[in-house]
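Residue-level structure breakdown
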Amino acid sequence: MAGRAQIPTSNSALIAMIADEDTITGFLLAGVGNVDIRRKTNYLIVDNKTTVKQIEDTFKEFTNRDDIAIVLISQYVANMIRFLVDSYNKPVPAILEIPSKDHPYDPAHDSVLSRVKYLFSTESVASDRR
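Scope of this entry: the structure provided in the associated data block. Computed from a predicted structure; not experimentally measured. (Residues numbered from 1 in each chain as written. Predicted model: local features only at pLDDT ≥ 70, side-chain atom pairs only at ≥ 80, totals over all residues. Heavy atoms only, no water.)

**Re the pattern of salt bridges**
By the definition in use, this model includes 8 salt bridges. Between Glu 61 and Lys 40 there is a salt bridge; the shortest N-O distance is 3.4 Å. A residue pair is termed long-range when its members are at least 10 positions apart, and Glu 61 in helix H2 (residues 52-64) and Lys 40 in the loop between helix H1 (21-29) and strand E2 (43-45) qualify at 21 residues. (Salt bridge = Lys/Arg side-chain N within 4 Å of Asp/Glu carboxyl O. Helix = DSSP H or I, 4+ residues; strand = E, 2+ residues; numbered from the N terminus.)

**With respect to the packing of aromatic side chains**
The relative placement of two aromatic rings is captured by the distance of their centres and the angle of their planes. In total, this model carries 1 aromatic pair according to the counting rule given. Here the aromatic rings of Phe 59 and Tyr 88 are separated by 6.1 Å at their centres, their planes lie at 80°, and the arrangement is edge-to-face. Here Phe 59 is found in helix H2, whereas its partner Tyr 88 is found in the loop between helix H4 (82-87) and strand E4 (94-98), with 29 residues between them in sequence. The class of Phe 59 is buried, set by a relative accessible area of 2%. (Phe/Tyr/Trp six-rings, centres within 6.5 Å; stacked < 30°, edge-to-face > 60°. Buried < 20%, exposed > 50% of the residue type's maximum accessible area, 1.4 Å probe, protein only.)

**Some thoughts on the pairing of strand E1 (residues 14-19)**
Here E1 lies mainly inside the structure; 5 of its 6 residues are buried. Here E1 runs beside strand E3 (residues 68-74); their pairing, made up of 5 bridges, is parallel. Bridging across to E3, Ile 18 finds its partner in Ile 73. Sheet analysis places E1 next to E2, joined by 3 bridges and oriented parallel. Residue pairing in the sheet places Met 17 in a bridge with Tyr 43 of E2. (Pairing = 2+ DSSP bridges.)

**A word on the sheet that holds E2**
What the 4 strands build is an open sheet, ordered E2-E1-E3-E4; its pairing is parallel. Two strands close off the open sheet at either side, each with one partner strand: E2 and E4. Taking each pair of neighbouring strands and ignoring which way they run, the sheet shows an average axis angle of 20°. Sheet analysis places E3 next to E4, joined by 5 bridges and oriented parallel. Bridge pairing in E4 places Ile 73 opposite Glu 97. Contacting E1, E2, E3 and E4, H1 runs over the sheet at an angle of about 160° to E1. Its contacts with the sheet put H2 on E1, E2, E3 and E4, and the angle it makes with E1 is roughly 170°. (Axes fitted to C-alpha atoms, helices over the stretch in contact; angles between N-to-C directions. Contact = heavy atoms within 4.5 Å.)

**Notes on H1**
Measuring from the side-chain oxygen of the N-cap residue of H1 to the backbone nitrogen of Asp 22 gives 3.3 Å; that N-cap residue is Asp 20. Immediately downstream of H1, the backbone of Gly 31 shows phi near 100°, a positive value. (Polar contact = N/O pair within 3.5 Å; in protein donor to acceptor, adjacent residues only side chain to side chain.)

**Points about the side chain of Thr 50**
With respect to the helices and strands, the residue Thr 50 is situated in the loop between E2 and H2. Among the residues examined, Thr 50 registers a relative accessible area of 16% and is labelled buried. Within the structure, Thr 50 has its side chain in polar contact with the side chain of Asp 47 (distance 2.9 Å). Every residue in contact with Thr 50, bar those within four places of it in the chain, is listed here: Leu 44, Ile 45 and Ile 55.

What follows is the structure, given as structure tokens:
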């Protein structure tokens, strides 16, 4: 045990969330929430008073922060800024669309699933040519 290497914790990464209050509350209770020294959080609660501009700005902020590895976004919120979600192409932070209590998940609108389907369809076409 004494010779075992310690896992560095200074490079830990966060999960950011953009969703409705119930979804955010569930993840906060699970321990995902974070408030840094500048009082910046890693989540945005979207309600009927939240503007699309606020959602866009938060999405851009989360995808440009170095300490965030995954951005969880409710699918109905992602539909509000679909052009930003679909144009995002970096591997980190990963963007994952999740369902919410009031809005069921629709795989037809999931950008990650559509990219995977596209990759598999091109792979299957390429393998048929061999």
